[in-house]
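# A structural walkthrough
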Amino acid sequence: MDKWLNSHWFARAIALMLAIMMWMVVNLEMDSTPSTEANRPLLIDDIALHVKYDSERYYVVKQPKTVKVALESNNPFYRHNFLPSDSYEVYVDLRDKGAGTHKVPVQYKGWEDAKVGIIPNVVEVTLEEKKTVEREVTVEMLGQVAPGYTAGEPLVKPFRALVRVPESQADRVAAVKASVDVEGATSPIKTTVPLKVVDKSGNVLQAAEVIPLTVEVSVPVTSPYVKVPIKLNLTNEMPDGYSLASVDMNVEEVTVYGPKEVIDALKTSTYPGPEIDLSSITSDRLLELKIPVLENIVNVEPEYLKVSLKVVPSTTKRLGKIPIRISGLSENMQARVLSPDGREMSTIDFDTVGAPEVLQQVGPEDVQVVADVSSMPAGVYEVTLNYIFNQPDYVKVAKTAPKKVTVEITNKRS
């Protein structure tokens, strides 16, 4: 038995038997069908009614959407309603009609070998002349940009549109809208969107035609920003014999864009500007430098900075009795500065180097001399001196200025 079931000849025989049985059932059913049933009309509901008219000039504002069709035929395809929708058409022809309401006969094509009845066989169709109005395109922004960001005024291209509607609806055209989704946006948006025509209540006018169908919309989206002073990064010392008389920039502050937490941190500081290496500059310079965009910063405006350097021959100026300040000393310690012969000293004399017009403005109050003894226990140390000027990029100490001093640190007496 298993061999029979697995045999392809057995399967073919079974299929042939089933086909013969189905043929017999169908033919017996057809032979037993009374002739009166074959001639009974077939009633088909909801056949779409097409309207042929001058669509360039008119709108159809009223018409029956569907009709009923009765078919009488010996064709079994008709009897069982095996009718492809593209094999027939039910229509009314108003191509020679103008605006107004017209009673017209319902016509058809297809069904050549059948008796056809259409219910109703005459219908009313109203044509209305098209009217064109012009409206400015307005942008409807949907959603909210990311927290801290701001959406600017959108730009539309083209910014006006033509709307064609039935004459009776012309006064209902309130606006032509382009909807743009800005939800969560952190950068400018540029997109193409379809237009829709709405009435005063915001309802879309379905019968309206709009030209063009789409527009280009650009929405500027700006991040949080802050305006802060810009500080040049002047590196290295100028060659011997030359000094900066002035450094002028075309802007004193920049606008910095970025995430809110980054911008908040910048509000009380300066923005680091471009670097200028002074080591080879011996004459006036006019530089145009790109302002760096730091990590986590979205943008900096302006993009470039113009810097004018005025260079002159150096001169020297003697500053005397400048106090030596001790920094970083522990509370339970005390310190004193010793001269080479072991005596205590509290001030120092030294020469400064710079442009003549700059040095004229420098006095003892414009410089600090600091010896840093941070983390030093009791003892005697050679400590490097730091010379701090109010104008550090314009003035420097002469090479003859003391570089170190001797500092004695002792415990305070109880």
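Data block above holds the structure.
Okay, so let's go over this structure. (Residues numbered from 1 in each chain as written. Predicted model: local features only at pLDDT ≥ 70, side-chain atom pairs only at ≥ 80, totals over all residues. Heavy atoms only, no water.)

## Digging into the packing of aromatic side chains
As enumerated under the stated definition, the model contains four aromatic pairs in all. With a centroid separation of 4.7 Å and 20° between ring planes, the pair formed by Tyr 88 and Trp 111 is classed as stacked. With Tyr 88 in the loop between helix H4 (76-79) and strand S4 (89-93) and Trp 111 in the loop between strand S6 (107-109) and strand S7 (115-119), the pair connects residues that are 23 residues apart, well separated along the chain. Neither Tyr 88 nor Trp 111 differs from the other in exposure class; each is buried. On the basis of an interplanar angle of 70° and a centroid distance of 4.8 Å, the ring pair of Phe 350 and Tyr 387 is categorised as edge-to-face. Of this pair, Phe 350 sits in strand S27 (residues 347-354) while Tyr 387 sits in strand S29 (residues 379-389), placing them 37 residues apart in sequence. For the pair shown, Phe 350 and Tyr 387 are each scored as buried. Through a chain of ring-to-ring contacts, three or more aromatic side chains come together here, namely Tyr 88, Tyr 108 and Trp 111. One Lys or Arg, Lys 130, reaches over the ring of Tyr 59 and ends 4.7 Å from the middle of that ring. Over the face of the ring belonging to Tyr 304 we find Lys 290, whose NZ or CZ atom lies 5.3 Å from the ring centre. (Phe/Tyr/Trp six-rings, centres within 6.5 Å; stacked < 30°, edge-to-face > 60°. Helix = DSSP H or I, 4+ residues; strand = E, 2+ residues; numbered from the N terminus. Buried < 20%, exposed > 50% of the residue type's maximum accessible area, 1.4 Å probe, protein only. Lys NZ or Arg CZ within 6 Å of the ring centre and 35° of its normal.)

## Section: unusual backbone geometry
A cis amide bond links Ile 211 with the next residue in sequence, Pro 212, at an omega value of 0°. Note that Pro 212 resides in the loop between strand S14 (209-211) and strand S15 (214-219). Here the residue pair Glu 301 and Pro 302 is connected by a cis peptide bond, since its omega of 0° sits within 30 degrees of zero. Residue position: Pro 302 is located in the loop between strand S22 (299-301) and strand S23 (304-313). Its identity is not glycine, yet Asp 46 carries a phi of approximately 55°, on the positive side. Relative to the helices and strands, Asp 46 is located in strand S1 (residues 42-52). Look at Asp 46 and you get exposed, because its relative accessible area is 62%.

## A closer look at the pairing of S15
Residues Val 215, Val 217 and Val 219 point to one face of S15 and are all buried, whereas Thr 214, Glu 216 and Ser 218, pointing to the other face, are not buried. As paired strands, strand S13 (residues 189-198) and S15 are joined by six bridges and run antiparallel to one another. Bridging across to S15, Val 193 finds its partner in Val 215. (Pairing = 2+ DSSP bridges.)

## Regarding the sheet that holds S4
On the basis of which strands lie adjacent, the open sheet formed by five strands has the order S6-S4-S1-S3-S7 and mixed pairing. In this open sheet, the two strands that pair with only one neighbour each are S6 and S7. The sheet shows a mean angle of 40° between the axes of neighbouring strands, direction not considered. Here S1 runs beside S4; their pairing, made up of four bridges, is parallel. Looking across to S4, one finds that Lys 52 is bridged to Asp 93. (Axes fitted to C-alpha atoms, helices over the stretch in contact; angles between N-to-C directions.)

## Remarks on the pattern of salt bridges
Tallying each qualifying case throughout the model produces 17 salt bridges. The partner of Lys 396 in a salt bridge is Glu 237, and the shortest N-O contact between them spans 3.6 Å. Of this pair, Lys 396 sits in strand S30 (residues 395-397) while Glu 237 sits in the loop between strand S17 (225-235) and strand S18 (242-249), and the two are 159 residues apart along the sequence. The exposed category is assigned to Glu 237, whose relative accessible area is 54%. Close ionic contact of Glu 408 with Arg 336 constitutes a salt bridge, the shortest N to O distance being 2.6 Å. With a gap of 72 residues between them, Glu 408 in strand S31 (residues 404-411) and Arg 336 in strand S25 (residues 333-338) connect regions that are remote in the sequence. Here Glu 408 falls in the partly exposed class, since its relative accessible area comes to 22%. When salt bridges with common partners are traced through the structure, they connect Lys 52, Glu 89 and Lys 109 into a single cluster. (Salt bridge = Lys/Arg side-chain N within 4 Å of Asp/Glu carboxyl O.)

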